[in-house]
Amino acid sequence: MTQIYSIIDILFNIYFYMIIFYVLMSWLPNVRDNFIGELLSKLVEPYLTPFRRMIPPLFGTLDISPFIALIVLEFAAGGLKSVLRYFIG
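Here the structure is a predicted model, which is why all the values come from computation and not from measurement.

The rules we used
- Residues numbered from 1 in each chain as written.
- Predicted model: local features only at pLDDT ≥ 70, side-chain atom pairs only at ≥ 80, totals over all residues.
- Heavy atoms only, no water.
- Core = buried A, V, L, I, M, F, W, Y, C linked by side-chain atoms within 4.5 Å.
- Buried < 20%, exposed > 50% of the residue type's maximum accessible area, 1.4 Å probe, protein only.
- Helix = DSSP H or I, 4+ residues; strand = E, 2+ residues; numbered from the N terminus.
- Contact = heavy atoms within 4.5 Å.
- Expected span 1.5 Å × (residues − 1).
- Axes fitted to C-alpha atoms, helices over the stretch in contact; angles between N-to-C directions.
- Left-handed = near helix turned anticlockwise from the far one by under 90°.

Engineer: Looking at this model, I keep getting lost on the nonpolar core. Mind explaining?
Structural biologist: Among soluble globular proteins, nonpolar side chains are generally buried collectively. One finds Ile19, Leu40, Val44 and Leu48 to be the most contacted residues of the largest nonpolar core, which totals 16 residues. Within the residue set of this core, elements represented by two or more residues are helix H1 (2-25), helix H2 (35-54) and helix H3 (65-88). Considering each element in turn, this core owes the most residues, 8 residues, to H1. Setting aside its immediate chain neighbours within four residues, Leu48 contacts Ile19, Tyr22, Pro66 and Ala69.

Engineer: I keep staring at H1 and nothing clicks. Help me out?
Structural biologist: Residue pairs three or four apart in sequence face the same way in an α-helix, which turns once every 3.6 residues. Across its 24 residues, H1 extends 34 Å between first and last C-alpha, which sits within 8% of the 34 Å expected from 1.5 Å per residue. Those residues of H1 lying buried are Tyr5, Ile8, Phe12, Tyr15, Met18, Ile19, Tyr22, Val23 and Met25. Here the buried face of H1 lies against H2 and H3.

Engineer: In this structure, what is going on with the packing of H2 against H3? I would like to understand it.
Structural biologist: Between two packed helices, the angle of one axis relative to the other and the distance separating the axes together describe the packing. Relative orientation of the contacting elements H2 and H3 amounts to 115°, with a least axis distance of 9 Å. Read as a crossing pair, H2 and H3 show a hand that is right-handed. Seen from H2, the contacting residues are Tyr47, Leu48, Phe51 and Arg52; seen from H3, they are Ser65, Pro66, Ile68, Ala69, Val72 and Leu73.

Keep in mind these numbers describe shape, not what the thing actually does.
This is the structure in structure tokens:
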């Protein structure tokens, strides 16, 4: 059971840091034009897009939706662990 939890934690951490790195890349516009930027965009944008639709930018420029998305991702990982604990034991 702990192996499943560690796999969930590893996958959560990988995606968490992918989102953080993608947000930091937005400060350097030319970085998104390379292979890594395009790959991160394809992996992260589908998750961030619903949050960006629901949460408008503050003051017209400050986008807090990635932070909300990270919090929801953390709750989802915890929820998945709870469901697995309930069904598996």
